Amino acid sequence: MVETTGGGPQDGAAEVLDRPLPDGVRRKVVQIVADGFGGLTVVELPAQLRQYARFTPSRRAKFAGNAMAAALETDPLFRQRIGEKLREAEPELTGALDSGSPPPAADPLDVAAAAYVLRPPGWVKLVTAAGEEAQRADAERADEETRAELERLRAELDRAREHTRAETERLRAELDAAKKETDSLHRKLRSALADVKRGEAAQRKLRGEMEAVRAEGQAQVSAAESETRRLKARLGETEAALEAARRAAREGRSVEDMRVRLLLDTVLDAAQGLRRELALPPVSVRPAETVDAVEPGRMTPKDIAARALSEDDPAVLDQLLALPQAHLVVDGYNVTKTGYPQMPLEKQRLRLLGQLAQLAAQTGAEVTCVFDGAELAAPVLLAPPRGVRVLFSKPGVTADELIRQLVRAEPPGRPVIVASTDREVADGVARAGARPVASAVLLKRLS
């Protein structure tokens, strides 16, 4: 099918192919462009083909075939220049095309390729006919090759049949000889099998006797081993139970003794402190002591009112630490990051521990400082100062949880003070019976 746009029926440039260019024609077109490519200057070449200007015709056809075919189709000026080079190289063929009568002896592919480049009137029919001719030629060539291959296969089949007949005769002769030899071997084999069976029967009898003896021995050994394992297991269980009982009794007695002794010391110190604080009279009352008066050193209601302190007064902490057997638990990083957060963690710890050592020496109270072990990149090489116990939480345990464990470990009735601004920690230790104080109060006392 031929389409025309604008011009008359003799205007070859207006004709358009309605199908892809046949492969044989396309190869010829690319070769024509590659041959005429070298006769053009760089300026005369389309921009996309200038990079191939220094290539040889064969390399142009190999690496720039698609680009040249596209430029020939879309650039009429470039196609005209290539057509001029083709007229110079093939004057006879191009002249015949211009006159409308291509040479009958010419290759249809050459004629179609030249017509595609020159675009004379009717060039689409020439390209289409060349494609059909090329397809017919390919089909005839394939048919001839198929017939030749069929003849070759038939000849090979005849040779194979002949070889098979000869090989079959040879194998039959060998089979007859093998049958005779096999019969002889069968007779010898039957005799040998009879001897083997007699030997196997004797061997089976001996094996049965040996298996019976071995089974009896293994049964006795298994019974002995089973009894030994049972006795060892019972012995191990008894020893484990005994050791567990000893350890439980030892640990229980040690922990309970410690808790009872600590609580007793707390009660005694509290009683003595209460007696000193209240200035209790002797057990025997004297008549003179029933007279209502103010004795020297006795507190009046005015003195008691003057002792009321606010929650953020450091004197509150001093009063708490003055209680008998007081135990101060410090949330380390909570205090340091409240007071001096700009310092490195190591210097924060050293500064706080030095101040707590002075506080412990002044008050005589038990002091424990807890740090969060999750922030440690490596084990801390730290010598705890005198009078201060330093603890780091284990992996997976926060410092808050460690503080709550310390409070729960104390016996009821012992005064425990926890220094932390963390509301969750304060509420938790308060429920456990401890007295929370803010980190700012401790920092004021330390300063």
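What you see is a predicted model, and the numbers here were worked out from it, not measured in a lab. (Residues numbered from 1 in each chain as written. Predicted model: local features only at pLDDT ≥ 70, side-chain atom pairs only at ≥ 80, totals over all residues. Heavy atoms only, no water.)

### Notes on the sheet that holds strand E4 (residues 416-419)
1) Next: One open sheet holds the five strands; their spatial order is E3-E2-E1-E4-E5, and the pairing between them is parallel. Because the sheet does not close on itself, it has two edges, and the strands there are strand E3 (388-392) and strand E5 (435-437). With direction set aside, neighbouring strand axes in the sheet form an average angle of 20°.
2) Next: Note that strand E1 (residues 327-331) and strand E2 (residues 366-371) share five bridges and pair parallel. Bridge pairing in E2 links Asp331 to Val370.
3) Next: Each of E1, E2, E3 and E4 is contacted by helix H10 (residues 332-339), which is oriented at about 65° to E1, the strand it contacts most. (Pairing = 2+ DSSP bridges. Helix = DSSP H or I, 4+ residues; strand = E, 2+ residues; numbered from the N terminus. Axes fitted to C-alpha atoms, helices over the stretch in contact; angles between N-to-C directions. Contact = heavy atoms within 4.5 Å.)

### Some points on the confidence of the model for the chain
The predicted coordinates should not be examined in detail at positions where pLDDT is low.
1) Next: This prediction gives the chain a mean pLDDT of 79; 83% of its residues lie at or above 70.
2) Next: Taken as a whole, residues 1-10 scores under 50 in pLDDT and shows 14 contacts with residues more than four places along the chain or in a different chain.
3) Next: Ignoring residues within four places in sequence, the model shows residues 299-306, a span with pLDDT below 50, making five contacts including any to other chains. (pLDDT = per-residue confidence, 0-100.)

### With respect to the packing of aromatic side chains
For any pair of aromatic rings, geometry is given as the distance between the ring centres together with the angle between the planes.
1) Next: Tallied over the full model, the rule gives two aromatic pairs.
2) Next: Taken together, a centroid distance of 5.0 Å and an interplanar angle of 55° make the contact between Tyr333 and Phe371 tilted. Of the two residues, Tyr333 is situated in helix H10 and Phe371 in strand E2; the sequence distance between them amounts to 38 residues. As far as the burial class goes, Tyr333 and Phe371 line up, both buried.
3) Next: Three or more aromatic residues link up through ring pairs in this structure, and these residues are Tyr333, Phe371 and Phe392.
4) Next: Between the NZ or CZ atom of Arg59 and the centre of the ring of Phe55, over which it lies, the distance is 4.3 Å. (Phe/Tyr/Trp six-rings, centres within 6.5 Å; stacked < 30°, edge-to-face > 60°. Buried < 20%, exposed > 50% of the residue type's maximum accessible area, 1.4 Å probe, protein only. Lys NZ or Arg CZ within 6 Å of the ring centre and 35° of its normal.)

### Points about unusual backbone geometry
1) Next: Here the phi dihedral of Gln325 falls at roughly 55°; this positive angle occurs in a residue that is not glycine.
2) Next: When you line up the elements, Gln325 lands in the loop between helix H9 (314-321) and E1.
3) Next: Since its relative accessible area comes to 26%, Gln325 is described here as partly exposed.

### Considerations on helix H11 (residues 345-363)
1) Next: A rise of 1.5 Å per residue sets the reference length of H11, with its 19 residues, at 27 Å; its end C-alpha atoms lie 27 Å apart and thus fit the reference within 8%.
2) Next: Of all the residues in H11, the buried ones are Gln348, Arg349, Leu352, Leu353, Gln355, Leu356, Ala357, Leu359 and Ala360.
3) Next: Close packing links the buried residues of H11 with H9, E1, H10, E2, E3 and helix H14 (439-446).
4) Next: Immediately downstream of H11, the backbone of Gly364 shows phi near 75°, a positive value. (Expected span 1.5 Å × (residues − 1).)

### Remarks on the packing of helix H12 (residues 399-409) against helix H13 (residues 423-431)
1) Next: In contact at an axis separation of 10 Å, H12 and H13 are set at 15° when each is read in the N-to-C sense. Between H12 and H13, the crossing angle belongs to the class labelled roughly parallel. H12 and H13 meet at a crossing whose hand is right-handed. Across the interface between the two elements, Asp400, Ile403, Arg404 and Val407 of H12 pack against Glu424, Val425 and Val429 of H13. (Parallel < 35°, antiparallel > 145°, perpendicular 65-115°, else oblique. Left-handed = near helix turned anticlockwise from the far one by under 90°.)

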